[in-house]
Structures are given as C-alpha cells and as structure tokens.
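Per-entry structural report
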Amino acid sequence: MMLSCCSVRMSLFAMGFLLVILQPSTGQFPRACANTQSLLRKECCPLWDGDGSPCGESSNRGACQAILLSQAPLGPQFPFSGVDDREDWPSVFYNRTCKCKGNFMGFNCGECKFGFSGLNCTERRLRTRRNIFQLTNSEKDKFLAYLNLAKNTPSQDYVIATGTYTQMNNGSNLMFRNINMYDLFVWMHYYASRDTLLGGSNVWRDIDFAHEAPGFLPWHRLFLLLWEREIQKITGDENFTIPYWDWRDAEDCVVCTDEYMGGRHPANPNLLSPASFFSSWQVICTRSEEYNSQQSLCNATSEGPILRNPGNNDKSRTPRLPSSAEVEFCLSLTQYESGSMDKMANYSFRNTLEGFADPHTAISNISQSGLHNALHIYMNGSMSQVQGSANDPIFLLHHAFVDSIFERWLRRHRPILEVYPAANAPIGHNRENYMVPFIPLYRNGEFFIPSRELGYDYEYLQEPALDSFQEFLIPYLEQARQIWPWLVGAAVIGGIVTAVLSSLILACKKKRAGTSPEIQPLLTESEDYNNISYQSHF
C-alpha cells in the first residue's frame, strides 16, 4: 500500500514539473508597477503586449484613468483615518489604473472578463465546478498535480509587498518580493485580513477586508475565480474548475486521506501523512503576533509544515460538521445583511453562513462557530487561523462549496443589486468599495450576481427542468405571502365598491325608464354602441 501511495506521489510530482510554464499570475502588485517611478507617480497603467500601448489603448481595449473612490459613509468599527495602506484601496499606492472597456479585463486590459473568451472576448463560456468525489481518478490526480504545480511555479507578473508604504518611504525604498503562485493567494488572504499596525506595539484588530461583513461572500467568490484562472493559464487547461467538498452531514473529514488532500501522520496527529506530497509543503503568513510586535508585514518566509488534526477541536465551540438542515435554514433567510453588518448582525444570511450567527435561529453568537467557520475550526490546524488559513489546500474545496450556498441563495431570492449595502458597512465592504488587495480593481457589488453571469455553475445546482421551475417560483411565492393581507384587503374594498356602483347603475336605469321621450338619449345601443364605449372614463 505504501509503495502504491509513493508511486502516485512521484507521478503527480513529475506531472507538476512537466507542466511548469512561466505564465502571468493575478495578485496584488503588478511587477510592471512595483518600481519607484510608478509609486512616485501613483500610476499603474502597464503596456499591453498586444499593441505596446498602456492598457491596450491603441486597440481600444482600455485607457489609463483616475480612480473614482466611493464617498459613501462607513460603519463605526474602524475609528481611524490615514493609518492603513488598505484604506480607500488602492489610492495609497496608485490613483490611476487601467479602466478596461467592454469584455476586457486585467491590470493592462490584456484578458477577458469572467465568462468570456476569444480573441476579442466576445465568446460566452460556462464551466462547471464538480464534487471532488465525482471526479475520475485521472481527473482527481490532475487536480492534485495542478495544486503542486502552483506551489512550485513563480508568479511572473506579480510581487508581494514586504513593507508598508511608509516603510517604503513613499516609494523611494522598494520593499517587494517574488512569490510562487499558490503562496501569492495565501498572502493576499493574509493581507486582506491582517491587523492594522498603529506604531510602537499598537495594533487595531477589529478590521478585516474579507471577513465579518457584507463583502465576505463576494470577496471569496472573486478569490476563487482568480485562482481558477491562474491554474487555467499555467497549465493550458482552459476547462479547469475548482472542485468542491460537500461537507453537509459528514461524520468526519472524508477528504483527509492520502488519496485526496492528505491523511493523518501515523506518529504525529497534527501533521500530514508522509505519503501525501502536501506533507512537504511549507506554510507562510501564520505568525500574526510576531508581525504585530515587529510592526511588519508577512514576507512569505517559510514557517513550517501544514498543520491539521481534524475533529480534535474544541467541541464546546464546534461540536460537529454542519448539517443539511442548518444549510436549509440559512437559505431561508431573506435578508442578505442586517443591523451593524458585522459579526453581531442578526437574521443576516451572510453572517449566518459565515458562521457568527446560530444556524438554527440566525441570532449572533460569537461563542459558537457555525457553517463556514465550523469547518475551519474542525480542521484544528492551519485552517483554523484566519490569516494563514489558505495554506491548507482544503481551503479551496471548502470555499467552493460555501460559494455554492451563496449561489443557491441568489437564485432563490433573486436580489437586486441594491440589496447589497451601499453605505455604513465596515471599512472596505460598501457596495462600491474596491476589494483589497486586488489589482486590477473589482468592486464588491460586481460579484453580487449569479455565477452563470461570471461564467461558471455547480454540478449539483444543474437541476431538472421541474426543480428549476420550482426554484424559479419560490421568490414570487414568498413575495405573495408577504403581501397576502394587502391582497385580501384590496379584494374586500373592491367588492364593496362594486356593490355600490351596481346599486347606482341600477338606480339610474330605473330613473331613465321613467324619462319622457323628449329627453331620451339621441344615440341608442343599436345605433352606435362603439361611440358610447369611447366616452367611458374613470
């Protein structure tokens, strides 16, 4: 058995290196803009290779324009201004970037928007994310090889910042570093959720640009789309999609085997089995207290192996993995966001799905961890610490399934864009705020739309026609239920009005029957009925 596992591991490792092709990656700072000139000018408008012009302007793909920042008021959770590079992203670093036209996208407008492909980005494309247990052995092995490839492929187009803008002396002292594609996304997740450094040994912890507020679901939706696209580019596999793990009613971590995401180490339950190549992976950005005390950023230095001990977590906080009933209750909630729009929000679909509200009552209870949070806590290791949680590749499977629940809610309730809060959300989470730390720029509201508009779907949501029709009717039946008392009232009033009008008409007819011939109407029904009808107006 060990020989079989090792041979699989070696074949996947070899496959990974055979696939190493240096391709662009999507992340925070475009390499073309990580220089003193760009930072001092506060401009990030790289040339598009297709025509050699900034933002592909010569080919009418885009233009270099000033960034328009949202002026909507923020919530009270962050009582500072001008102390964090992420405020009014990305204006601390750049105030001019590429504004792409039509279906073009990218930091230099060199790519197509999600859901489009082709030379001029005019071809619609829909990909399907599948249950990891529905993949064939070859498909599953290919996915694992792609993960290992991402961990060993340097990002060619992006670098990470290892210091704040102040520490860079406003751009004259560059502090950037190269990074591999997988760790680039780990770093972005860390950077969006890190604490604010206030100087000395002071930090502000009640801040997160990717969690605990309305942007949680759109942010992670974009994160997965970008990760998916990078795999498509470095492998040349345009049909690749991230598989999901449906953890509803699971008794334990069924993906935690050497065949899938790595089993338990036989001698140390906190480590992964040496038969899985994930056991050799090194994590980054896990020592938040160390960074805070040094007033520094994570610089992507290796910090040890992936830790995971599923099920041996604090049972008082998370007694088990989430159930189907809890997911269904969450989906029944009609409000996307409510109240303070943070982890204290009640009856909020977002807060309940994220896991800060009870999945049976939707009342905030931060002493418990439900749904999304429950899975992180259950893994009892690298996944359980917010800033470094993306180090464990199970993160991708988990968030793909969370995104599918978000998608089910969007399809069931069909919210208009205005349902997403425009103002008074925690910093970075208003509808028109740009999401940290992505360049090119994306607003929260742009990903509050059905997945099919973004070019992907979920296998288990591709239902038969009858089920789809029932799903289509649900929001309208819900609206009818809410206005039913008004409908009944209107019917009663309508009945009374009809009775009164009938009585008046009857009385008029009786009166006319007794009228003398000298004052009879000149037009009778037999002479010109149509003309009479035109004279009726209410």
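The name given to the protein chain in an unreviewed UniProt entry is Tyrosinase, with Cairina moschata as the source organism. The record in UniProt for the protein chain states the following under Subcellular location (unreviewed entry): "Melanosome membrane". What UniProt states about the protein chain under its Cofactor (unreviewed entry) heading is, verbatim, "Cu(2+)".

With that settled, the discussion passes to empty space enclosed by the protein. Evaluated as defined, the whole model comprises five cavities of 30 Å³ or more. Its volume calculated, the largest cavity comes out at about 90 Å³. When residues of the lining of the largest cavity are assigned to their parent elements, the largest contribution, four residues, is made by helix α5 (residues 216-235). Residues of the lining of the largest cavity, tallied by class, amount to four nonpolar, three polar and three charged.

Attention shifts here to the packing of helix α3 (residues 137-151) against helix α4 (residues 181-193). In contact at an axis separation of 5 Å, α3 and α4 are set at 80° when each is read in the N-to-C sense. Compared by their axis directions, α3 and α4 come out roughly perpendicular. Contacts between α3 and α4 pair Leu147, Ala150 and Lys151 from the former with Met181, Tyr182 and Asp183 from the latter. Its residues assigned to classes, the contact of α3 with α4 shows four nonpolar, no polar and two charged.

Strand order across the open sheet formed by three strands is β2-β6-β5, with mixed pairing between neighbours. The open sheet has two free edges, formed respectively by β2 (43-44) and β5 (62-66), since each of these has just one partner strand. Sheet topology note: the β2/strand β6 (residues 96-100) ladder contains two bridges and is parallel. Among the inter-strand pairings, glutamate 43 is bridged to a residue of β6, identified as arginine 96.

What follows concerns the environment of glycine 171. With respect to the helices and strands, glycine 171 occurs in the loop between β12 (158-161) and β13 (176-177). For glycine 171 and leucine 40, which are 131 residues apart along the polypeptide, the C-alpha to C-alpha distance reads 5.9 Å. Those residues within four positions of glycine 171 in sequence are excluded, and the remaining contacts are Thr36, Leu39 and Tyr165.

Further remarks concern the state of the cysteines. Per the stated rule, a full pass over the model turns up seven disulfides. With a sulfur-sulfur separation of 2.0 Å, cysteine 55 is cross-linked through a disulfide to cysteine 98. Judged by the sign of its S-S torsion, about -80°, the bond between cysteine 55 and cysteine 98 is left-handed. Note that cysteine 55 is positioned in the loop between β4 (53-54) and β5 and cysteine 98 in strand β6, a separation of 43 residues in sequence. You can call cysteine 98 buried: its relative accessible area is 13%.

When the UniProt feature table is mapped onto this chain, "domain: Tyrosinase copper-binding" (unreviewed entry) is found at residues 211-228 and 392-403. Annotated as 72% helix and 0% strand, the span residues 211-228 places its first and last C-alpha atoms 21 Å apart.

Turning our eyes to something else, we now look at the packing of α5 against helix α10 (residues 394-413). Where α5 meets α10, the closest approach of the two axes is 10 Å, and the angle between their N-to-C directions is 125°. Classed by the angle they form, the pair α5 and α10 counts as oblique. For α5 against α10, the interelement crossing comes out left-handed. Mapping the contact onto sequence places Phe216, Leu217, Pro218, His220, Arg221, Phe223, Leu224 and Trp227 in α5 and Phe395, Leu396, His399, Ala400, Val402, Asp403, Phe406, Glu407 and Leu410 in α10. Residue composition of the contact of α5 with α10, grouped by class: 12 nonpolar, two polar and three charged.

Mapped onto the secondary structure, glutamate 303 falls in the loop between α6 (288-294) and α7 (324-332). Of the buried charged residues, glutamate 303 lacks a salt bridge, with arginine 287 as the closest side chain of opposite charge at 4.2 Å. A distance of 2.6 Å separates a polar atom in the side chain of glutamate 303 from a polar atom in the side chain of threonine 286. Every residue in contact with glutamate 303, bar those within four places of it in the chain, is listed here: Gln282, Val283, Ile284, Cys285, Thr286, Arg287 and Tyr291.

Another point: the environment of aspartate 342. Mapping aspartate 342 onto the fold places it in the loop between α7 and α8 (349-354). Not counting chain neighbours up to four residues away, the residues in contact with aspartate 342 comprise Gln77, Glu212, Arg350, Asn351 and Pro426.

So, on to α4. In this model, α4 (13 residues) spans 19 Å end to end at C-alpha, consistent with the 18 Å of a helix rising 1.5 Å per residue. Near the N-terminus of α4, the side chain that reaches the backbone nitrogen of tyrosine 182, with its oxygen 3.1 Å away, is that of asparagine 180.

Time to look at the pattern of salt bridges. On inspection of all chains with the given rule, the structure shows 32 salt bridges. A salt bridge links arginine 41 to glutamate 43, with the shortest nitrogen-to-oxygen separation between them at 3.2 Å. Linking glutamate 212 and lysine 343 is a salt bridge whose minimum nitrogen-to-oxygen distance equals 3.9 Å. Linking glutamate 212 in the loop between β15 (202-204) and α5 with lysine 343 in the loop between α7 and α8, this pair joins segments that are 131 residues apart in sequence. Among the charged side chains, a salt-bridge network with shared partners connects Arg129, Arg221, Glu228, Asp403, Glu407, Arg411, Arg452 and Asp457.

This paragraph deals with the nonpolar core. Within the largest apolar cluster, 119 residues are counted, with the highest numbers of intra-cluster contacts made by Leu147, Trp187, Trp227, Trp245, Met261 and Phe349. If we skip the residues at most four places from it in the chain, tryptophan 187 touches Gln28, Ile160, Ala161, Ile179, Ile284, Cys285 and Cys298. Counting five residues, the second largest nonpolar core, distinct from the first, contains Cys45, Cys55, Cys64 and Cys109.

Let us look at the side chain of serine 404. Tracing the backbone through its elements, the reader meets serine 404 in helix α10. A distance of 2.7 Å separates the side chain of serine 404 from the side chain of tyrosine 460, its partner in a polar contact. Ignoring sequence-local partners within four residues, the contact set of serine 404 consists of Tyr458, Tyr460 and Leu461.

About the thresholds
Residues numbered from 1 in each chain as written. Predicted model: local features only at pLDDT ≥ 70, side-chain atom pairs only at ≥ 80, totals over all residues. Heavy atoms only, no water. UniProt positions renumbered as here; feature names shortened; annotations may be inferred. 1 Å grid on protein atoms, 1.4 Å probe; cavity = no way out; pocket = protein on both sides within 12 Å on 5 of 7 lines; lining within 4 Å. Points joined across faces, edges and corners; volume = space filled by probe spheres on them. Helix = DSSP H or I, 4+ residues; strand = E, 2+ residues; numbered from the N terminus. Nonpolar A, V, L, I, M, F, W, Y, C, P; charged D, E, K, R; others polar. Axes fitted to C-alpha atoms, helices over the stretch in contact; angles between N-to-C directions. Parallel < 35°, antiparallel > 145°, perpendicular 65-115°, else oblique. Contact = heavy atoms within 4.5 Å. Pairing = 2+ DSSP bridges. Disulfide = S-S within 2.5 Å. Buried < 20%, exposed > 50% of the residue type's maximum accessible area, 1.4 Å probe, protein only. Left-handed = near helix turned anticlockwise from the far one by under 90°. Lys, Arg positive; Asp, Glu negative; His and termini not counted. Salt bridge = Lys/Arg side-chain N within 4 Å of Asp/Glu carboxyl O. Polar contact = N/O pair within 3.5 Å; in protein donor to acceptor, adjacent residues only side chain to side chain. Expected span 1.5 Å × (residues − 1). Core = buried A, V, L, I, M, F, W, Y, C linked by side-chain atoms within 4.5 Å.

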